[in-house]
Structures are given as C-alpha cells and as structure tokens.
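Structural features, examined
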Amino acid sequence: MQLRQMFAVVGLVLVSSFVPVPSEAQAQMVGNWELSSQGPRGGDQTMTLVVEMNDGELTGTLTLQRMGEHKLKDVSVDGAEFSFSVTLSMRGNSFEQEFSGTVDGDEMSGAISGARGQRVFTGKRVG
C-alpha cells in the first residue's frame, strides 16, 4: 500500500512539472482592457482587448466598434513590454495592425502601427 501511494505522489509531481506556469509579466497582461486611440480618420476609437492564458500561451481578441472581433496573433511579453498583431478586414481588403507598448498595473500605453502609419493608444483594465 505504501509503495502504491509513493508512485501516485511521484506521478503527480511529474505531471505538475509539465503544467506551464505563466510568468509574472504574462499574468499582468491577462484580463479585459478598454483601449482608447484616435482613429485613422480623426475621431476617438474605443477597443476592447481580452487577453487569456491558454496552455501557457497568451491568446485573446481585440474588438473594434465597427469592425467586430479579431484574434490576437504573435502575442509576446518581455517584462513590462508587450506586442501583438491583428488582421483586420474592410471592404474586401485585409491589413495588419501591430500593437506594442508597456503595462503598468492596471494601465497600458503604446503604439498601433499599420499601413497608414502609427498612432498612440492608452488602456485601462476593466476586468
């Protein structure tokens, strides 16, 4: 009976050693964010960013008011710095938007880069 219990404990230790643990920097990105930027044609633009941890990787979506929800691609975090991209579609054309910036607690800021240049954004955690 003791041998069986020992094997069970050893098995649990081995399995738990393969479960990915998010870094502090990754954990800081996880959550719901409201981003604000000036749109490419002027006016204010509000976006919802949802970042989740799935199997040790950051995933999520970016939702724009008039363009719907888009999956995040190439999510990267290094300390307080992050980056990701999304592919947007409008009138049959697709284009990349690259986001990069820094996170500080419940706030983030950075730049959005795309075919029409670069603009700044700010964000606050909402959940």
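See the structure printed just above.
What follows concerns the pairing of strand β8 (residues 107-114). The pairing of strand β7 (residues 93-104) with β8 spans 7 bridges and is classified as antiparallel. Note that in β8 the partner of E98 across the bridge is S113. The antiparallel pairing of β7 with β8 creates a hairpin that spans 2 residues between the two strands, and G105 there sits at a positive phi of about 65 degrees. Where β8 folds back on strand β9 (residues 117-125), the antiparallel hairpin that results is connected by 2 residues.

Next up on the list: the pattern of salt bridges. Two side chains carrying opposite charge are able to pair once their charged atoms lie near each other. Under the definition given, this model contains 3 salt bridges. Between E96 and K73 there is a salt bridge, with the nearest N and O atoms lying 2.7 Å from each other. Taken together, the positions of E96 in strand β7 and K73 in strand β5 (residues 73-78) put the pair 23 residues apart, joining distant regions of the chain. For E96, a relative accessible area of 33% puts it in the partly exposed group. We classify K73 as partly exposed; its relative accessible area is 32%. Taking the shortest distance from any N to any O, the salt bridge between D106 and R125 comes out at 2.7 Å.

Rules behind the numbers
For every chain, the first residue of the written sequence is number 1, and numbering continues from 1 along that sequence. At least 70 in pLDDT is required for a residue's local features to be given in this predicted model, at least 80 for side-chain atom pairs to be given and counted, and no such filter applies to totals for whole chains, interfaces and linings, which use all residues. With hydrogens and water set aside, each side-chain value is computed from the structure's full complement of heavy atoms. Whether two strands pair depends on DSSP finding at least two bridges between them. Runs of E in the DSSP output that reach at least two residues are strands. Runs of H or I that reach at least four are helices, and both are numbered from the N terminus. One speaks of a salt bridge when a side-chain nitrogen belonging to Lys or Arg is within 4 Å of a carboxyl oxygen belonging to Asp or Glu. Buried residues are those whose accessible area, probed at 1.4 Å on protein chains only, stays under 20% of the maximum for their type, while exposed residues exceed 50% and partly exposed ones sit between those limits.

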